Amino acid sequence: MTRRHLLSARDLDAATARALLTLAVERRDHPHEAAARPLLGRSLATVFFENSTRTRVSFTLAAARAGMHTVDLSAAASSVHKGETLVDTAKTVDAMGVDAIAVRTGQAGGAALVAQHVSASVLNAGDGKHEHPTQALADALALGEAAGREGFDLDGLRVAIVGDVVSSRVARSSARLLTTLGAAVVLVGPPAMAPKSLGEAVGVRVAHDLDAELESADAVMMLRIQLERGAGAWLASARAYRAGHGLTAARAARMKDGAFVMHPGPSNRGLEIDPEVADGPRSLIQAQVSAGVAVRTAALEWCLGA
Ligand code: CP
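Every value quoted in this text rests on a predicted model; they were computed, and no experiment measured them.

What counts and how
Residues numbered from 1 in each chain as written. Predicted model: local features only at pLDDT ≥ 70, side-chain atom pairs only at ≥ 80, totals over all residues. Heavy atoms only, no water. Helix = DSSP H or I, 4+ residues; strand = E, 2+ residues; numbered from the N terminus. Polar contact = N/O pair within 3.5 Å; in protein donor to acceptor, adjacent residues only side chain to side chain. Contact = heavy atoms within 4.5 Å. Buried < 20%, exposed > 50% of the residue type's maximum accessible area, 1.4 Å probe, protein only. 1 Å grid on protein atoms, 1.4 Å probe; cavity = no way out; pocket = protein on both sides within 12 Å on 5 of 7 lines; lining within 4 Å. Points joined across faces, edges and corners; volume = space filled by probe spheres on them. Nonpolar A, V, L, I, M, F, W, Y, C, P; charged D, E, K, R; others polar. Pairing = 2+ DSSP bridges. Axes fitted to C-alpha atoms, helices over the stretch in contact; angles between N-to-C directions. Near = heavy atom within 4 Å. Sits in = over half its atoms within 2 Å of the grid points. Right-handed = clockwise from strand over helix to strand, strands pointing away.

(A) Examining the side chain of Ser8 more closely. Structurally, Ser8 can be placed in the segment before helix H1 (14-29). Of note is the side chain of Ser8, whose polar atom sits 2.8 Å from the backbone nitrogen of Arg10. A polar atom in the side chain of Ser8 sits 2.8 Å from the side chain of Glu131. Setting aside chain neighbours within four positions, we find Ser8 in contact with Glu131 and Pro133.

Here is the structure:
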């Protein structure tokens, strides 16, 4: 069996991404078929050094659905508090014979670093401001299904990713993957949060005026303002931020018919997105969460060569 790592959305070309998304739907829709447990007896360690609800729980559920055993390690309960490094912690778990490690760390490049030191497959569950490829797969699945795109061909779909883009690993991974699948992506935010250089690095357009982008977007993906990554200064002018770049109910009403609202979560309700928009009829937020389990099942199979 070929073992792979999933460290970045750049690891997925269009054919591979579409195959993974199709497999995710198959596993979700036919969970009890024998073929849906191809990883029976294999093991996954979730090694999370940053908080998580969606990613951690969905990796655990995905592994269980594929027939895997799971062990969970969080920084709070690990020997990190005794001075052990991320790599030494991962090597210790690896030495116990796990087949796959899902890593979340505040260190950009941390998942790739772990991958250089272990024999298990490494799945990047979010590394600092760098990447979050399985969230990008979940976003693509939710959007592709909602938009009725056969085979996850997103050609011609216009997606605005809005807010604290510079802090967001989801923005980097989703912009890359949605572009790979054919969508036209624009990163939108105040200049300090959506610098032109980031657009050049990711290969997409950058804009600062949300209202100018809103009416042509088929999907608007809002991002959390990440206080833990230095965006706290914006809270001093939260009202101004919301007025300029929040998806308020009034702004959402100007979106075109059939356009979708997305947010990878967790969200600051009332800041980057109004509660009635997050819970409204355009919202794919719960579909993104549900998709997380399906895509992580497929990602585990792909990484472990099943
Ligand atoms: N979207 C996301 O990564 O959420 P969690 O931090 O809850 O895992």
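After presenting the structure, the write-up continues.
(B) How the structure looks around unusual backbone geometry. In this structure, Pro266 follows Gly265 across a cis peptide bond, with omega equal to -10°. Assignment of secondary structure puts Pro266 in the loop between strand E9 (260-262) and helix H11 (275-278). Positive phi, close to 55°, is recorded for Phe152, a residue that is not glycine. By secondary structure assignment, the location of Phe152 is in the loop between helix H5 (133-146) and strand E5 (158-162).

(C) Region of the structure containing the environment of Gln116. Along the chain, Gln116 falls in the loop between helix H4 (110-115) and strand E4 (121-127). Taking the relative accessible area as the measure of exposure, Gln116 reaches 61% and is therefore exposed. Here the alpha-carbon distance between Gln116 and Val87, two residues 29 residues apart in the chain, equals 9.1 Å.

(D) View of the layout of surface pockets. Estimates place the volume of the largest pocket at around 400 Å³. Lining the largest pocket are 21 residues, and of these Arg104, Arg169, Arg224, Gly265 and Pro266 sit closest to its centre. Breaking the lining of the largest pocket down by element, the ones donating at least two residues are helix H2 (54-65) and helix H6 (169-180). In this model, the second largest pocket occupies a volume close to 190 Å³. Ala45, Val71, Asp72, Leu73, Ser78, Ser79, Glu84, Thr89, Thr92, Val93, Met96 and Val98 together form the lining of the second largest pocket. At the level of secondary structure, the elements contributing two or more residues to the lining of the second largest pocket comprise strand E2 (69-74) and helix H3 (86-95). Its residues assigned to classes, the lining of the second largest pocket shows six nonpolar, four polar and two charged.

(E) The sheet that holds strand E3 (residues 100-105), seen in detail. What the four strands build is an open sheet, ordered E2-E1-E3-E4; its pairing is parallel. The open sheet has two free edges, formed respectively by E2 and E4, since each of these has just one partner strand. Strand-to-strand twist across the sheet, computed as the mean angle between neighbouring axes with direction ignored, equals 15°. Relative to E3, strand E1 (residues 43-48) is paired through five bridges, and the arrangement is parallel. From the neighbouring strand, Thr46 faces E3, where its bridge partner is Ala102. Most of the contacts of H2 go to E1, to which it runs at about 175°, and overall it touches E1, E2, E3 and E4. Relative to the sheet, H3 contacts E1, E2 and E3, its axis offset from that of E3 by approximately 160°.

(F) Representation of the sheet that holds strand E6 (residues 184-188) in the model. Strand order in the open sheet formed by five strands is E7-E6-E5-E8-E9, and the pairing between neighbours is parallel. Of all the strands in the sheet, the pair left with one neighbour each is strand E7 (205-207) and E9. Sheet twist, expressed as the average angle between the axes of neighbouring strands with direction ignored, equals 25°. Note: strand E8 (residues 219-222) against E9, three bridges, orientation parallel. Its bridge partner being in E9, Met221 is matched across the sheet by Met262.

(G) Spatial organisation of the site of the ligand. Around the ligand, the surrounding shell consists of Asn51, Ser52, Thr53, Arg54, Thr55, Arg104, His132, Gln135, Pro264 and Gly265. Measuring from a nitrogen atom of the ligand, one finds a side-chain N or O atom of Gln135 at 3.1 Å. The backbone of Pro264 places a nitrogen or oxygen atom 3.0 Å from a nitrogen atom of the ligand. More than half of the atoms of the ligand fall within 2 Å of the grid points belonging to the largest pocket. Looking at the shell around the ligand, its residues break down into one nonpolar, seven polar and two charged.

(H) Main features of the pairing of E2. Examined bridge by bridge, E1 and E2 share six bridges and lie parallel to one another. Looking at the pairing, Val47 lines up with Leu73 of E2. Assessed by its sense of winding, the connection that carries the chain from E1 through H2 to E2 is right-handed.

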